[in-house]
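Secondary and tertiary structure notes
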Amino acid sequence: MPTSNPVRVKPWPSWPLHDTAEAEALRQVVESGEWNGVDASAVLAFERAYAGFLDAEHVITCTNGTVSLEIAMTAMGIGSGDEVIVPPYTFLATASAVLKVNALPVFADIDPGTYNLDPDAVVAAIGPRTSAVIAVHFAGQPADLDRLRDICARQGLALIEDSAHAHGAAWNGQLVGTFGQFGSWSFQGSKNLTGGEGGALSTDDALLAATARELRNCGRRPGFDWYDHFSLGGNWRLTAFQAAVLSAGLARLPEQLARREACAEVLDRELAALPGIAPLARDARTTVHAHHLYAFRYRPEESGGPPLEEFCTALQRLGVPATPGYPRPLPRQPLFAERNFDVKATAWRPEHQPTRYDELNLPVCERACAETVWLPHNLLLADPEEMWDVVNAVALAGNAEASA
Ligand SMILES: *Cc1c(COP(=O)(O)O)cnc(C)c1O
């Protein structure tokens, strides 16, 4: 079959999904007149529901999953002069949030099997100024929370879980976002739980929760006047509209998690059998993988297929929306490499090794950027049998004739 004929013609499930629940919830907010405010009933209802889902003591909503990271660090007093260890295979926000609080991101390489932070690289990156580690649960698979929590506890470092890919993911049966001092969440439109935009923090620490609430609401405290401002936060409040949509989506999340797991099981098994294709490893302690992405390695040197970009274009033509993922390690962005940030506020010094961002040696991340394919999570909301369309398309796009 020539690769110009799509394997898949039927559309994949769309994202975001909605039904009458969203429309009804929005209508209620519209008619209530309670459109905003940290105490709006729709906002409080979502915070309670999400805390219940996670089995966390506190959930504090905010405008997005970038600001949530900034609030978490500010609440713990992390700022100028501090270093925060982050992975290089992640979205910008994981590291830019560190700069926003005037601390310096230090990049530690990832594990070649899971693309999550390599705990040994984290240990090697710890210095006298290190104050925290931000672990990303890449693609929805928990980072090694046993070792990361142990390392942080021994070294007196804070652990923040950037859980933007991992709504509902679990490690040894416990939901992510409840292992570190803070879990950080994004509800941006592409994420597995979305209010269009939005973010949140989860924590079991009452004092950190109160500080985060204060920062999120212009530094105000409960029991004081609206014009009493105690700390340097901002207006980072979620709207009641977003909260209402999020509550409707949350009710559907458990069923979606199960579907994505069932589809990923087929892909893991069948793709692994193809030449030059290697799905990411699944840690035995990952009890729920949230599959924000389905990522696999593509090695044309093993299959004789076309280069990565062409392979993805061929997959798209065949009806499978594949992309090459993060194209380069995050520290190679001009923001970091050219130090286009407040060098003075971050206490950066020329002799400060970790900030020579363009010279960092991150071989595992480099390789991941060069050979990884991503499939979006909504594809995994199809029926497990439909994953054969993906498998057949990957087999066609990756074979030697396709590159000829
Ligand atoms: C999406 C994302 C964020 C930031 O979320 P926004 O809500 O878009 O600000 C942070 N970290 C990771 C890993 C993400 O994918």
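Residues numbered from 1 in each chain as written. Predicted model: local features only at pLDDT ≥ 70, side-chain atom pairs only at ≥ 80, totals over all residues. Heavy atoms only, no water.

What follows is about the sheet that holds strand β2 (residues 83-86). Taken together, seven strands build an open sheet; the order of strands is β1-β9-β8-β5-β4-β2-β3 and the sheet is mixed. Of all the strands in the sheet, just β1 (58-62) and β3 (104-107) have a single pairing partner and so form its edges. In this sheet, adjacent strand axes meet at a mean angle of 25 degrees when their direction is disregarded. As paired strands, β2 and strand β4 (residues 130-136) are joined by three bridges and run parallel to one another. Bridge assignment links V84 to a residue of β4, and that residue is A132. Together, β2, β3, β4 and β5 (158-162) form the strand contacts of helix α4 (residues 93-100), whose direction differs from that of β3 by roughly 145 degrees. Where helix α6 (residues 145-155) meets the sheet, it contacts β4 and β5, and its direction lies at approximately 150 degrees from that of β5. (Pairing = 2+ DSSP bridges. Helix = DSSP H or I, 4+ residues; strand = E, 2+ residues; numbered from the N terminus. Axes fitted to C-alpha atoms, helices over the stretch in contact; angles between N-to-C directions. Contact = heavy atoms within 4.5 Å.)

With respect to spatial proximity, 15 residues lie near the ligand, and among them G65, T66, D162, S186 and K191 are the closest. Within the side chain of T66, an N or O atom sits 2.5 Å from an oxygen atom of the ligand. Note that an oxygen atom of the ligand is positioned 2.9 Å from one of the side-chain N or O atoms of H165. Coverage of the ligand by the protein chains reaches 92% of its 390 Å² of free accessible surface. Split into classes, the residues belonging to the shell around the ligand amount to four nonpolar, nine polar and two charged. (Near = heavy atom within 4 Å. Polar contact = N/O pair within 3.5 Å; in protein donor to acceptor, adjacent residues only side chain to side chain. Areas by Shrake-Rupley, 256 points an atom, 1.4 Å probe, with all protein chains shown as cover. Nonpolar A, V, L, I, M, F, W, Y, C, P; charged D, E, K, R; others polar.)

What follows deals with the nonpolar core. In this structure, M73, V84, Y89, F107, I134, F138 and F182 are the most contacted members of the largest nonpolar core, which totals 48 residues. Per-element accounting of this core gives the leading share, six residues, to helix α3 (residues 67-75). Lining this core are residues from two domains, each supplying at least three of them: domain 1 (20-249) and domain 2 (253-325 + 367-403). If we skip the residues at most four places from it in the chain, I134 touches L69, M73, V84, I85, V86, P87, T94, V98, L117, I160 and D162. Among the nonpolar cores identified, the runner-up in size contains 47 residues, and F46, L54, V122 and A169 belong to it. (Core = buried A, V, L, I, M, F, W, Y, C linked by side-chain atoms within 4.5 Å. Buried < 20%, exposed > 50% of the residue type's maximum accessible area, 1.4 Å probe, protein only. Domains from an automatic or database assignment.)

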